[in-house]
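Architecture and fold: a report
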Amino acid sequence: MHVLFVCNSNVCRSVIAERLTRAFATHNGLPGLTAESAGTRALVGFPAEPLAAETIAGLGGDTTGFKARKLVPEMVDRADLVLTMTEALRDQVAELAFGVAPRTFTLIEAHRIAKVTGAKSIAALHRARNDLAYVGRENIADPIGLSPEAFVEVGDRIAEVLFPLLSALAPHEQTKLSEDERPGLVIEPGGTRPLAAFLAAQRRR
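What comes next concerns the included structure. The shown structure was predicted, so the numbers you read here are calculated from the model rather than taken from an experiment. (Residues numbered from 1 in each chain as written. Predicted model: local features only at pLDDT ≥ 70, side-chain atom pairs only at ≥ 80, totals over all residues. Heavy atoms only, no water.)

Another point: the sheet that holds strand 2 (residues 34–39). Spatial strand order, 2-1-3-4: 4 strands in an open sheet with parallel pairing. In this open sheet, the two edge strands, each paired with only one partner strand, are strand 2 and strand 4 (104–106). Geometrically, the sheet is characterised by an average inter-axis angle of 25° between neighbouring strands, direction not taken into account. Pairing geometry for strand 3 (residues 81–84) and strand 4, over 3 bridges, is parallel. Its bridge partner lying in strand 4, Val-82 is registered against Thr-104. Contacts from helix 1 (residues 13–27) reach strand 1 (2–7) and strand 2, with the element oriented near 175° to strand 2. Against the sheet, helix 4 (residues 87–94) engages strand 1, strand 3 and strand 4, with an angle of about 170° to strand 4. (Pairing = 2+ DSSP bridges. Helix = DSSP H or I, 4+ residues; strand = E, 2+ residues; numbered from the N terminus. Axes fitted to C-alpha atoms, helices over the stretch in contact; angles between N-to-C directions. Contact = heavy atoms within 4.5 Å.)

See the structure below:
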């Protein structure tokens, strides 16, 4: 399962989600789970925002080699699942390529559907999309320009919804690609203890 995360500048929210997904894949022995990220107004070539990088490291991820990229249709075409940080971005991505809407969700939306319905596949998420009422907007706010605490809150929120979603989908959506064919790269996190602790806390809830 190849996941594409989308935000605006691609130096904060989508990077956090991408690198936590890669850490999750390594931690759980899921070599077929890969991830990349991009921005609709990307700061092309920039590294992760320093506070975002600290947040990723604190959660067990790694930003080594990261450079921001602009979203292009080819990225959407090769993704099995597209997760955006806001509803506006979801709708924008859905217009980029024919047939992408059924596999495009906001991150919070996909988590909500999986949690309520027990969906174990991307197709099941889509089938249940219009059957569930919800209150409020399903967006993750951009912390750029805010305090370090705001970055930690955003990182924790992303991890809180992302890890259960990946746990539900990844074992069932694994693609059987060779090492050379796999898109993206699973990077060994610098330390798996924070990620392990976070996942253990989620399981106790």
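With that out of the way, let us pick up the nonpolar core. Across soluble globular proteins, nonpolar side chains have a tendency to be buried as a group. Of all hydrophobic cores here, the largest spans 47 residues; its most connected members are Leu-33, Leu-83, Leu-107, Leu-125 and Ile-158. Only strand 1, helix 1, helix 2 (50–58), strand 3, helix 5 (107–117), helix 6 (122–128) and helix 7 (148–173) provide two or more residues apiece to this core. Sorting elements by how many residues they give to this core places helix 7 first, with 11 residues. What Leu-107 contacts, discounting residues up to four positions off in sequence, is Leu-83, Thr-84, Met-85, Ile-140, Ile-158, Val-161, Leu-162 and Leu-165. (Core = buried A, V, L, I, M, F, W, Y, C linked by side-chain atoms within 4.5 Å. Buried < 20%, exposed > 50% of the residue type's maximum accessible area, 1.4 Å probe, protein only.)

What follows concerns helix 2. All of the buried residues in helix 2 are Ala-52, Thr-55 and Ile-56. Looking down the long axis of helix 2, one finds its buried residues gathered within 100° of arc, a one-sided arrangement. Summarising the geometry of helix 2, the exposed residues directed more than 90 degrees from the buried face are Pro-50 and Glu-54. A distance of 2.5 Å separates the backbone nitrogen of Leu-51 from a side-chain oxygen at the start of helix 2, and that oxygen is part of Glu-49. Where helix 2 ends, the next residue or the one after it, Gly-60, has phi of about 95°, a positive value. (Arc of directions from axis to C-beta. Polar contact = N/O pair within 3.5 Å; in protein donor to acceptor, adjacent residues only side chain to side chain.)

Glancing now at the pairing of strand 2. By the criterion of burial, strand 2 is predominantly enclosed, with 6 of the 6 residues buried. Along strand 2, one buried face is formed by Thr-34, Glu-36 and Ala-38 and the opposite face, lined by Ala-35, Ser-37 and Gly-39, is buried too. Of the strand pairs in this sheet, strand 1 and strand 2 are connected by 6 bridges, and their pairing is parallel. Of the residues in strand 2, the one forming a bridge with Cys-7 is Gly-39. For the crossover that starts at strand 1, traverses helix 1 and ends in the parallel strand 2, the hand is right-handed. (Right-handed = clockwise from strand over helix to strand, strands pointing away.)

Applying the stated criterion across every chain, the model contains 10 salt bridges. Between Asp-142 and Arg-13 there is a salt bridge; the shortest N-O distance is 3.7 Å. Remark: Arg-13 occurs in helix 1 and Asp-142 occurs in the loop between helix 6 and helix 7; sequence separation between them is 129 residues. Accessibility expressed as a relative area gives 31% for Asp-142, which makes it partly exposed. Residue Glu-18 is joined to Arg-19 by a salt bridge in which the shortest nitrogen-to-oxygen separation is 2.8 Å. No difference in accessibility class separates Glu-18 from Arg-19, as the two residues are buried. A network of salt bridges, in which partner residues are shared, links Arg-90, Asp-91, Glu-109 and Arg-129. (Salt bridge = Lys/Arg side-chain N within 4 Å of Asp/Glu carboxyl O.)

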